Amino acid sequence: MNIGDVAKASGLPAKTIRYYDEIGLIRPQRGANGYRAFRDTDLHKLAFLGRARALGFSIADCRNLLQLYEDDSRTSAEVKEIARGHLDEIDAKIRDLSEMRRTLAALITACAGDNRPDCPILDGLAMEQPT
């Protein structure tokens, strides 16, 4: 398969596929003309990477997960450790976003939104954060 075919089949942009090749996540064969020639195994890896990236796994985590996927001697504990670490990161982001939302909602509630120049939103943004 050429890059267009594998892009369509995997749902990933050709630019992403080229990047994954450049960083060694996939290793398609090369024809005499230098063009990439993708095998079914490459397509399977790309679909795997697409799903992992859609779940927010980092490139480093994807590299580790792909290595574990291809390792018959892996333990599920190794995979779970990576997934648990990522879930912890997601939970931290959710907490941070929830706090951001509460702060912004409070600033919006405090602002009259009328013709006066005083604005609690701008005042809140101008406040120094404790260090």
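Above this text is the structure in question.
Read on for a plain summary of the structure. These figures come from a predicted structure and were not determined experimentally.

## What about the packing of aromatic side chains?
With the rule as written, the count across this model stands at 2 aromatic pairs. Ring plane angle 50° and centroid distance 6.2 Å describe the contact between Y19 and Y20, whose orientation is recorded as tilted. Assessed through its relative accessible area of 5%, Y20 is described here as buried. Aromatic side chains F48 and Y69 sit 5.0 Å apart centroid to centroid with 40° between the ring planes, which places their arrangement in the tilted category. Here F48 is found in helix α3 (residues 40–54), whereas its partner Y69 is found in helix α4 (residues 59–70), with 21 residues between them in sequence. Residue classification places F48 among the buried residues on the basis of a relative accessible area of 19%.

## Some remarks on the pattern of salt bridges
Side-chain pairing between opposite charges can occur once the charged atoms of the two side chains come close. For the structure shown, the criterion picks out 6 salt bridges. Across the pair R116 and D114 runs a salt bridge, and its minimum N-O distance is 2.8 Å. In this structure R116 comes out as partly exposed when scored by relative accessible area, which is 48%. The class for D114 is partly exposed, based on a relative accessible area of 39%. Here the salt bridges share partners, and the residues they tie into one network are D21, R30 and R36.

## Section: the nonpolar core
Membership of the largest hydrophobic core comes to 20 residues, with the highest contact counts inside it found for V6, I17, Y20, I26, F38, L46 and L49. Among the elements of the structure, α1 (3–10), α2 (14–22), α3 and α4 are those that each provide at least two residues to this core. Element by element, the count of residues in this core is highest for α3, at 5 residues. In this structure, Y20 is in contact with L12, L25, I26, L46, L49, R53 and I59, ignoring residues within four places of it in sequence.

## Re the packing of α1 against α3
Running from amino to carboxyl end, α1 crosses α3 at an angle of 45°, the nearest separation of the two axes being 9 Å. It follows that α1 is oblique to α3 by the angle criterion. Classified by chirality, the crossing of α3 by α1 is right-handed. Contacts from V6, A9 and S10 of α1 reach α3 at L43, L46 and A47.

Parameters and conventions
- Residues numbered from 1 in each chain as written.
- Predicted model: local features only at pLDDT ≥ 70, side-chain atom pairs only at ≥ 80, totals over all residues.
- Heavy atoms only, no water.
- Phe/Tyr/Trp six-rings, centres within 6.5 Å; stacked < 30°, edge-to-face > 60°.
- Buried < 20%, exposed > 50% of the residue type's maximum accessible area, 1.4 Å probe, protein only.
- Helix = DSSP H or I, 4+ residues; strand = E, 2+ residues; numbered from the N terminus.
- Salt bridge = Lys/Arg side-chain N within 4 Å of Asp/Glu carboxyl O.
- Core = buried A, V, L, I, M, F, W, Y, C linked by side-chain atoms within 4.5 Å.
- Contact = heavy atoms within 4.5 Å.
- Axes fitted to C-alpha atoms, helices over the stretch in contact; angles between N-to-C directions.
- Parallel < 35°, antiparallel > 145°, perpendicular 65-115°, else oblique.
- Left-handed = near helix turned anticlockwise from the far one by under 90°.

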